[in-house]
Amino acid sequence: MARRLLCAALCAALLLPAGVAAPPAPRPPQAAPPDAAPRAALSERVVAYQIDARLDAQKKIITATETLTYRNLTGQPQQTFPFHLYLNGFQPESTFYREIRRFGSRGPWEEKNRGGIEVKSLEVAGQGNLTSAIEFIQPDDGNPKDKTVFQVRLPKALAPGASVEFRMAFQSKLPETVARTGYKGDFIFAAQWFPKVGVWWRGAWNCHQFHATTEFFADFGTYDVKLTVPQNYVVGSSGDEVSSVANPDGTKTLTLRGQDIHDFAWTADPNYRVVEDSWKGSAGPVKIRVLMQPDHESQAARYINALKGTLDRFDRWYGPYPYNRITVVDPARGSAAGGMEYPTLFTAGTFFLMPAGLRLPELVVEHEFGHQYWYGMVASNEFEDAWLDEGINSYTEVKIMDSLFGSKTSAINLWGITLGDSDFQRLTYTFAPDTDPMVRSGWQFMTGNAYGGVTYGKTATVLLTLEGLIGEETLRRAVRTYFMRYRFTHPTEEDFLKTVEEISGQNLRWYFDQAVYGTQVLDYSVDRILSDPVDWFAAKLEEKKGVTLYRSHVVVRRLGEFIFPVEVEIKFDNGETIREKWDGQDRWTRFSYEKKAKVVSATVDPGRKIPLDRNLFNNSATREPDPAATRKLTNVWRVLVQILAQALAWLA
Amino acid sequence: MEMETPTRGVLATGARLVLRGWRVLSWAYVVNLLLGIVAALPVAATISEILNHSLEAGRLAKGFDLGAFFGLLMQPEVTLSTFVPGSFLVSLLYLVFMLFLTGGLLADYRHDQRLSFSAFLDACGTFFWRFVRLLLFLLLALVPVGLLHALFQYVTSKRIENSPRDSVAFWVTLSGLAVVALLFFVIRLWFDVAQIRAVAENERKIRHALGKSFRVTFGNFGSLFWIFLRIAIVALLVSAAAAWFFVKVLRPEQVGVTIVYCQVFVFFWLTIRFWLRACETVWYQRKFPAPVAFAEAPILPGPAESEPLSLPARHSRLLPMRRLYSSASPPKMM
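Because the structure is a prediction, the values reported are computed rather than measured.

## Quick notes on the overall build of chain A
Piece 1. A count of helices and strands for chain A gives 11 helices and 32 strands.
Piece 2. With the C-alpha coordinates of chain A rotated into their principal frame, the extents come out at 105 × 75 × 50 Å.
Piece 3. Of all 652 residues assigned to chain A, the portion counted as buried reaches 51%.

## Topic: the overall build of chain B
Piece 1. Of the regular secondary structure elements, chain B holds 12 helices and 1 strand.
Piece 2. Ordered by position in the sequence, the α and β elements of chain B form the string α-α-α-β-α-α-α-α-α-α-α-α-α.
Piece 3. Taking all 334 residues of chain B together, the buried fraction comes to 34%.
Piece 4. Contacts spanning at least 24 positions in sequence make up 72% of the contacts within chain B whose residues lie at least 6 apart.

## Concerning the environment of Lys-595 of chain A
Residue and element names in this part refer to chain A.
Piece 1. Secondary-structure assignment places Lys-595 in strand 30 (residues 588-595).
Piece 2. According to the C-beta neighbour criterion, Lys-595 is partly exposed, with 18 such atoms within 10 Å.
Piece 3. Sequence separation of Lys-595 and Pro-331 is 264 residues, and the distance between their C-alpha atoms is 65 Å.
Piece 4. If we ignore the near neighbours within four places in the chain, the residues touching Lys-595 are Tyr-550, Ser-552 and Phe-572.

## Concerning the nonpolar core
Piece 1. By size, the foremost hydrophobic cluster in this structure holds 155 residues, and its most contacted members are Ala-190, Leu-307 and Val-328 of chain A.
Piece 2. Not counting chain neighbours up to four residues away, the residues in contact with Ala-190 of chain A comprise Ile-62, Leu-174, Ala-265, Trp-266 and Thr-267 of chain A.
Piece 3. Tyr-109, Leu-189, Phe-191 and Cys-262 of chain B belong to the second-largest nonpolar core, a separate cluster that totals 72 residues.

## A short note on the interface of chain A and chain B
Piece 1. Taken together, the contact between chain A and chain B spans 56 residues of the former and 62 residues of the latter.
Piece 2. Secondary-structure elements contributing two or more residues to the side of chain A that touches chain B are strand 25 (417-419), helix 6 (421-431), strand 31 (599-604), strand 32 (620-622) and helix 11 (628-649) of chain A.
Piece 3. Here the element with the most residues in the side of chain A that touches chain B is helix 11 of chain A; it accounts for 19 residues.
Piece 4. Split into classes, the residues belonging to the side of chain A that touches chain B amount to 30 nonpolar, 18 polar and 8 charged.
Piece 5. In this sheet, strand 1 (residues 64-65) of chain B lies alongside strand 25 of chain A in parallel orientation, the contact comprising 2 bridges. The residue bridging Ile-417 of chain A from the neighbouring strand is Phe-64 of chain B, located in strand 1 of chain B.

## Re the sheet that holds strand 1 of chain B
Piece 1. Reading across from one edge, 24(A)-25(A)-1(B) is the order of the 3 strands in this open sheet, with mixed pairing throughout. The open sheet has two free edges, formed respectively by strand 24 (412-414) of chain A together with strand 1 of chain B, since each of these has just one partner strand.

## Focus: the pairing of strand 21 (residues 325-329) of chain A
Residue and element names in this part refer to chain A.
Piece 1. Of all 5 residues in strand 21, 5 are buried, a share of seventy percent or more.
Piece 2. Alternating residues of strand 21 divide into Arg-325, Thr-327 and Val-329 and Ile-326 and Val-328, and every residue in both groups is buried.
Piece 3. Where strand 20 (residues 284-292) and strand 21 come together, 5 bridges link them in parallel fashion. Bridged to Ile-288 within strand 21 is Ile-326.
Piece 4. What joins strand 20 to strand 21 is helix 3 (residues 300-317), and the crossover it makes is left-handed.
Piece 5. Here strand 21 runs beside strand 23 (residues 345-347); their pairing, made up of 3 bridges, is parallel.

## A short note on the pairing of strand 19 (residues 273-281) of chain A
Within a regular beta strand, the side chains point alternately toward one face of the sheet and then the other, so they alternate between its two faces.
Residue and element names in this part refer to chain A.
Piece 1. Alignment of strand 19 against strand 20, held across 9 bridges, turns out to be antiparallel. Bridged to Lys-280 within strand 20 is Pro-285.
Piece 2. What sits between strand 19 and strand 20 in their antiparallel hairpin is a turn of 2 residues.

## Concerning the domain arrangement of chain A
One frequently used descriptor of interface size is the decrease in accessible area upon assembly of the parts.
Residue and element names in this part refer to chain A.
Piece 1. Split by domain assignment, chain A resolves into domain 1 (1-31 + 272-519), domain 2 (42-270) and domain 3 (524-629).
Piece 2. When each unit is reduced to the centre of its C-alpha atoms, the spacing between domain 1 and domain 3 is 39 Å.
Piece 3. Of all the elements, helix 7 (residues 448-470) adds the most residues to the side of domain 1 that touches domain 3, at 5 residues.
Piece 4. Residue composition of the side of domain 1 that touches domain 3, grouped by class: 4 nonpolar, 6 polar and 1 charged.

## Notes on the sheet that holds strand 1 (residues 47-56) of chain A
Residues and elements named next belong to chain A.
Piece 1. Taken in spatial order, the 8 strands line up as 5-4-8-2-1-14-17-16 in an open sheet, and their pairing is mixed. Only two strands of the sheet have a single partner each, and these edge strands are strand 5 (128-129) and strand 16 (240-246).
Piece 2. The pairing of strand 1 with strand 2 (residues 61-71) spans 10 bridges and is classified as antiparallel. Bridge assignment links Tyr-49 to a residue of strand 2, and that residue is Leu-68.

## Observations regarding the packing of helix 11 of chain A against helix 10 (residues 255-287) of chain B
Each packed pair of helices is defined by two parameters, the angle between the axes and the distance between the axes.
Piece 1. At their nearest, the axes of helix 11 of chain A and helix 10 of chain B sit 10 Å apart, and the two run at 5° to each other. It follows from the interaxial angle that helix 11 of chain A and helix 10 of chain B lie roughly parallel. On helix 10 of chain B, the residues that touch Ala-628, Arg-631, Lys-632, Asn-635, Val-639, Gln-642, Ile-643 and Gln-646 of chain A of helix 11 of chain A are Val-255, Thr-258, Ile-259, Cys-262, Val-266, Trp-269 and Leu-270 of chain B.

## Some thoughts on the environment of Gly-125 of chain B
Residues and elements named next belong to chain B.
Piece 1. Following the sequence through the fold, Gly-125 ends up in helix 6 (residues 117-162).
Piece 2. Among the residues examined, Gly-125 registers 14 C-beta atoms within 10 Å and is labelled partly exposed.
Piece 3. Note: C-alpha distance between Gly-125 and Ile-233 (108 residues apart in sequence) is 33 Å.

## Description of the packing of helix 11 of chain A against helix 2 (residues 22-51) of chain B
Piece 1. Orientation of helix 11 of chain A relative to helix 2 of chain B, taken along the N-to-C sense of each, is 150°, at an axis distance of 8 Å. Viewed along their axes, helix 11 of chain A and helix 2 of chain B adopt a mutual orientation that is roughly antiparallel. The hand of the helix 11 of chain A/helix 2 of chain B crossing is right-handed. Contacts between helix 11 of chain A and helix 2 of chain B pair Ala-629, Thr-630, Leu-633, Thr-634, Trp-637, Arg-638, Val-641, Gln-642, Ala-645 and Gln-646 of chain A from the former with Asn-32, Leu-33, Leu-35, Gly-36, Ile-37, Ala-39, Ala-40, Val-43, Ala-44, Ile-47, Ser-48 and Leu-51 of chain B from the latter.

## As for unusual backbone geometry
Residues and elements named next belong to chain A.
Piece 1. Positive phi, close to 50°, is recorded for Arg-45, a residue that is not glycine.
Piece 2. Look at Ala-179: it is not a glycine, yet its phi comes out positive at around 50°.
Piece 3. Mapping Ala-179 onto the fold places it in the loop between strand 8 (163-173) and strand 9 (182-184).

## Concerning the confidence of the model for chain B
Residue and element names in this part refer to chain B.
Piece 1. Averaged over all residues, the pLDDT of chain B equals 83, while 84% of them reach at least 70.
Piece 2. Across residues 292-334, where pLDDT falls below 50, the model places 71 contacts with residues more than four positions away in sequence or in other chains.
Piece 3. Both scores are available for the predicted complex, with the pTM at 0.86 and the ipTM at 0.86.

## Describing helix 2 (residues 95-102) of chain A
Piece 1. For helix 2 of chain A, the set of buried residues is Thr-95, Phe-96, Tyr-97, Glu-99 and Ile-100 of chain A.
Piece 2. Positioned one or two residues after helix 2 of chain A, Gly-104 of chain A has a phi angle of 115°, which is positive.

About the criteria used
Position numbers for residues count from 1 along each chain, tracking the sequence in the order it is written. Numbering of ligands from 1 and lettering of chains from A proceed in the order in which they are written. Local features in this predicted model are restricted to residues of pLDDT 70 or higher, and side-chain atom pairs are both shown and tallied only at a pLDDT of 80 or more, whereas totals for entire chains, interfaces and linings draw on every residue. Strands here are runs of E lasting at least two residues and helices are runs of H or I lasting at least four, both read from the DSSP assignment and numbered beginning at the N terminus. Residues are called buried when their C-beta atom has 20 or more other C-beta atoms within 10 Å, exposed when it has 12 or fewer, and partly exposed otherwise; all C-beta atoms are positioned from the backbone. Residues are treated as contacting if the C-beta atoms built from their backbones sit within 7 Å of each other. Any set of buried Ala, Val, Leu, Ile, Met, Phe, Trp, Tyr and Cys residues joined through C-beta atoms within 7 Å is what this text calls a nonpolar core. Each residue receives one of three labels: charged for Asp, Glu, Lys and Arg, nonpolar for Ala, Val, Leu, Ile, Met, Phe, Trp, Tyr, Cys and Pro, and polar for the others, Gly being one of them. In this description, strands pair whenever DSSP reports at least two bridges between them. Throughout, right-handed denotes a crossover for which the path from the first strand over the helix to the second runs clockwise when the strands point away from the viewer. Throughout the structure description, domain borders are defined by an automatic or database domain assignment. In this analysis, axes come from line fits to C-alpha atoms, helices being fitted only over the stretch in contact, and the angle between any two N-to-C directions falls in the range 0 to 180 degrees. Roughly parallel refers to an angle under 35 degrees, roughly antiparallel to one over 145, roughly perpendicular to one between 65 and 115, and oblique to any angle outside these ranges. Helix crossings fall into two classes, left-handed where the near helix is turned counterclockwise from the far one by less than a right angle and right-handed where it is turned clockwise. Values of pLDDT, the confidence the predictor places in each residue, fall between 0 and 100.

Shown next, in the form of structure tokens:
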């Protein structure tokens, strides 16, 4: 209790100086309870799921009953309720597969990849059996073959503030992993495996079909899950393990409880090796549980170290982690289930010979843990505002990876080859810089690559550029405020943007309009530099350094449509450096000087504060060429060709 | 005729032959380098426009920043699709060049003294088309290896796919590739011997040469493979050391030194191939020495009518070679 008060006081102290208004639904950070006992609510707990499920490990089928208690906090009567059946996306005529084909995938359909949920019966307490009232709907694309959303109309409307109990019996067929869901051999990753009610949001039901690029959106609540699996299976889940009972038929039944979460995923695999650790944050101790594949056991330390470093920085920079556990799942080889987040549980991924300098395990741990904040707690709509989750998460990923491993080497530092995570994000953005605005719904992007490039890479780069405008520390405070204010709610994009403006005290609409709502490309270049003797017409002109007077010009151009104020640094051969500012409003500008020195170089954005600039090579120009890089790369190409030629010559 | 220990000292003797024929090795290297330069010219011309006046290029000169590198690749001027075909064509040209060179090289290695330049060229020309035919047979012989690899992948894929262990998949895949590589080198040994035999016996019937050399190779596989294995180990050890030095000692900004270092490495790999050729030739010479009457004939400098080629009498149809080695003027040393 003392810890709770301390945390609340700390948070208040951090927020008040920034002039932060009180959160809409204040929920002081809670110290993590030591066990799975019921605790004070962190969220509104709109839903309460009770699921009793049994896994047929041979057939990969889950047979279950579900009781969903829904609290009507919408402020108005509700009579029609939509439900997600995400697993039905894994059927060839679904919208999910239509979009995958549209994006260019041409692989054949394989029956093993079929998944689905069949609702055997649906009863509503006090209103009878409504199985026959189930109606599949397709709110996004009208594809009648898509069965990822159904709705049911109750005979009697649910009054505001009242609760309703849905009782369902269903069977879920897991696919061989598709979209990081399903099975691979004995490995089971059960995600989106049960019927899940939609979200009443912005005055309407929000229950989108499952799309190739979109993720999920759900209300917070509690999950009480009884799970029966073979006794030799090791289980990890979004809930605390309350009990485990061995059954005479060789199975065991686990009782799992998750609170203040909006989804419940679980994994089971007889091959898991369990590695445990703990970390203590401002909200209390956190139990770290890592489920490793046998071949990767030696790399558990990499996961754990990365996770602790990430927990530490999230705790200090953005806010406390209120749950008492986090489970890292190392998925089975070939399962393609790595790199996915669910409440208090996420999948990572590595390779048994992964070199230390290749920081993919650390990167994926950092990224997926980050979702605990930007998806798990700040539960924005991943269908419509995916950038609020993936993008902000990619930005915090850069900050934390840079802090852990250095900005130039945070992704790769291997054999002299380096890559910073910020550059990695920037690269993904430059693949598709102008196809779609960040605010577009996930399934409406031009391609899957455009979705990824904009949602992850562009958002991270937009926020890194924003740092240059308002300062790194200010943006960190803004992101923290956003987290503290909107955790356990469903904020919108404007909630985030307004928070940034509020904390920075600046009107940033000009920037957001272009970067967030627009598709303008930012590209500045140094077009030319020249120094001409003032006495160029003299009959016997002798140029002497430090004596001859030169008239120098530097021309800077704005090649893209994105207008952004820039700094230009001009260096002269007498060692003098001048910094100029240009508002970028015109298409070009010229800086002119008369000095007894020639211009050596000119650089747009010398402080590298504008990573959003698509082409960094044209940001500078030097008077004298430096062919070192050309020589180096040409040498690489030459040597590769020589080796290829010699390899072919083995046929001679 | 067979000697008892054809492999004793064969590596050293082979190395001496490579040293003796350093001019041929140098030519092979120079052509390799020139073709590499030709292939790299369009690359240099394109990227110099982007890099030479940009401070951003420092990220590539002073290290190897992948962010900058991919940034460069994304420039519209830089299109790998225009560079790759030219480079591949250049590599094919080198294959043709080496096909041409091999006849002279083997003829040179099997003699006690260096061949004259004209004799060397004559041997190159004499055996070129035979070796082209051998190349076609080699490609045919490699087809079953490819099929075997496909079969191996098919058989192991299920096991790999269902194994939860990376290591199983990794080692099984690696083993498959190792077997394929081994088979390739075994077949290459066979064809190497066929080439040596074609030169030694002035064999025109390539299929005949292949059949004979098959029996020779696999009848003496242990000793031949032992030669190959030792050279391969030297090559791998030196390569590992070179890679370590490159990564740990050479600084990224030492561009000039790196260029020279890479060329030394390329030259080393070429030397390895020449060394193997020389050792195989020495082994063959010891295993199947030429008749004394021919073998003792002086080669260089020799009288105008000397007949240095140690051919059995049955190969008296050796018109080009006879002309080759019966030059009236003293041969020029290579």
